[in-house]
Amino acid sequence: MFVKRYASFSFEIGYHGQDYPELYVSSNPYPVGMVVEETVNFAISSPEAMEQWATSQVSGGGFLRLGSPYRGFAIPMFHSLHCMRLMRYALDGQYSAYARGHMQHCLNYLRQEILCASDVTLEPANILQRDYEEERFGSVHVCKDWEALFADAEKNWDEWEKADMPVVQPTSSKSHGHH
């Protein structure tokens, strides 16, 4: 399916019912490069882990409020990072009944996001022989600018808080294919 409708940051446009863009265009729509690298940061369990993983979230939970009714929309990148944080908590032994039920959703959501992104960067096939202590850097991947999305989300949250308005949620999303 080819999508033609896009949205950028705006409170002036009204999005009602199923009338809203399919995609959000960040403040930097151009691709950026990311070198995949091994790191001691973002560990499963360490004194710094909680603080480091907290840097992968933004104010407002990664939801944007768009249009004159300040309608809430999720950005999948932030949803995926939320799922990664939940998985880290579970792997660290912080596993509640809520986390167990939510984990099934997160595993399936991440599976679909990976398939959707379909990164076709070629990586050397030496993962079993590679010394990750010595060879810390991998391939350069072409990505959307995640720093711009973080900045956009923070700006959007600040603007929405200043407006002191509630988030308007759609009454039903079944006909639009969103879950």
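Residues numbered from 1 in each chain as written. Predicted model: local features only at pLDDT ≥ 70, side-chain atom pairs only at ≥ 80, totals over all residues. Heavy atoms only, no water.

## Points about the overall build of the protein
For the protein, the helix and strand inventory stands at four helices and six strands. Taken from the N to the C terminus, the helices and strands of the protein come in the order β-β-β-α-β-β-α-α-β-α. When contacts within the protein are restricted to residue pairs at least 6 apart in sequence, long-range pairs at least 24 apart make up 69% of them. Summed over all atoms, the accessible surface of the protein reaches about 12300 Å², with 59% contributed by carbon and sulfur. (Helix = DSSP H or I, 4+ residues; strand = E, 2+ residues; numbered from the N terminus. Contact = heavy atoms within 4.5 Å. Areas by Shrake-Rupley, 256 points an atom, 1.4 Å probe, with all protein chains shown as cover.)

## A look at the pattern of salt bridges
Counted according to the given criterion, the structure contains one salt bridge. In this structure, Asp-92 engages Arg-88 in a salt bridge whose closest nitrogen and oxygen atoms are separated by 3.5 Å. (Salt bridge = Lys/Arg side-chain N within 4 Å of Asp/Glu carboxyl O.)

## Focus on a nonpolar patch on the surface
Residues Val-35, Phe-137 and Val-140 make up a contiguous nonpolar surface patch of about 290 Å² in total accessible area. Within the element layout of this structure, Val-140 appears in strand S6 (residues 137-143). The exposure class assigned to Val-140 is exposed, which follows from its relative accessible area of 53%. (Patch = residues over 30% accessible without salt bridge, like charges linked within 9 Å, V, L, I, M, F, W, Y side chains within 5 Å. Buried < 20%, exposed > 50% of the residue type's maximum accessible area, 1.4 Å probe, protein only.)

## As for the pairing of strand S5 (residues 71-74)
The pairing of strand S4 (residues 63-66) with S5 spans four bridges and is antiparallel. Bridge assignment links Phe-63 to a residue of S5, and that residue is Ala-74. Hairpin connection, S4 to S5: the antiparallel pair is bridged by four residues, and Gly-67 has positive phi, about 80°. (Pairing = 2+ DSSP bridges.)

## Structural notes on the nonpolar core
Counting residues in each nonpolar core, the largest one holds twelve residues, listed as Tyr-15, Tyr-20, Tyr-24, Val-58, Leu-64, Leu-66, Phe-73, Ile-75, Phe-78, Leu-149, Phe-150 and Ala-153. Within the residue set of this core, elements represented by two or more residues are S4 and helix H4 (146-163). When residues of this core are assigned to their parent elements, the largest contribution, three residues, is made by H4. Within the second largest apolar cluster, eight residues are counted, among which are Met-87, Ala-90, Ala-99 and Cys-106. (Core = buried A, V, L, I, M, F, W, Y, C linked by side-chain atoms within 4.5 Å.)

## Remarks on the side chain of His-102
With respect to the helices and strands, the residue His-102 is situated in helix H3 (residues 97-117). Take His-102: its relative accessible area is 18%, and that puts it in the buried class.

## Considerations on the packing of helix H2 (residues 76-91) against H3
Interhelical geometry of H2 versus H3 gives an angle of 135° and a closest axis separation of 9 Å. When the axes of H2 and H3 are compared, the pair comes out oblique. Where H2 crosses over H3, the handedness of that crossing is left-handed. Together, Pro-76, His-79, Ser-80, His-82, Cys-83, Met-84, Leu-86, Met-87 and Ala-90 of H2 and Ala-99, His-102, Met-103, His-105, Cys-106, Leu-107, Tyr-109, Leu-110 and Glu-113 of H3 make up the contact between the two elements. (Axes fitted to C-alpha atoms, helices over the stretch in contact; angles between N-to-C directions. Parallel < 35°, antiparallel > 145°, perpendicular 65-115°, else oblique. Left-handed = near helix turned anticlockwise from the far one by under 90°.)

## Things to note about the confidence of the model for the protein
Put simply, the protein has an average pLDDT of 81, and 82% of its residues get 70 or more. Ranking the elements of the protein by mean pLDDT puts strand S1 (residues 6-7) last, at 50, and H2 first, at 92. Below pLDDT 50 for its whole length, residues 1-6 participates in eleven contacts with residues either more than four positions away or in separate chains. Overall, residues 173-179 carries pLDDT values under 50, and its contacts beyond four positions in sequence, including any with other chains, amount to nine contacts. (pLDDT = per-residue confidence, 0-100.)

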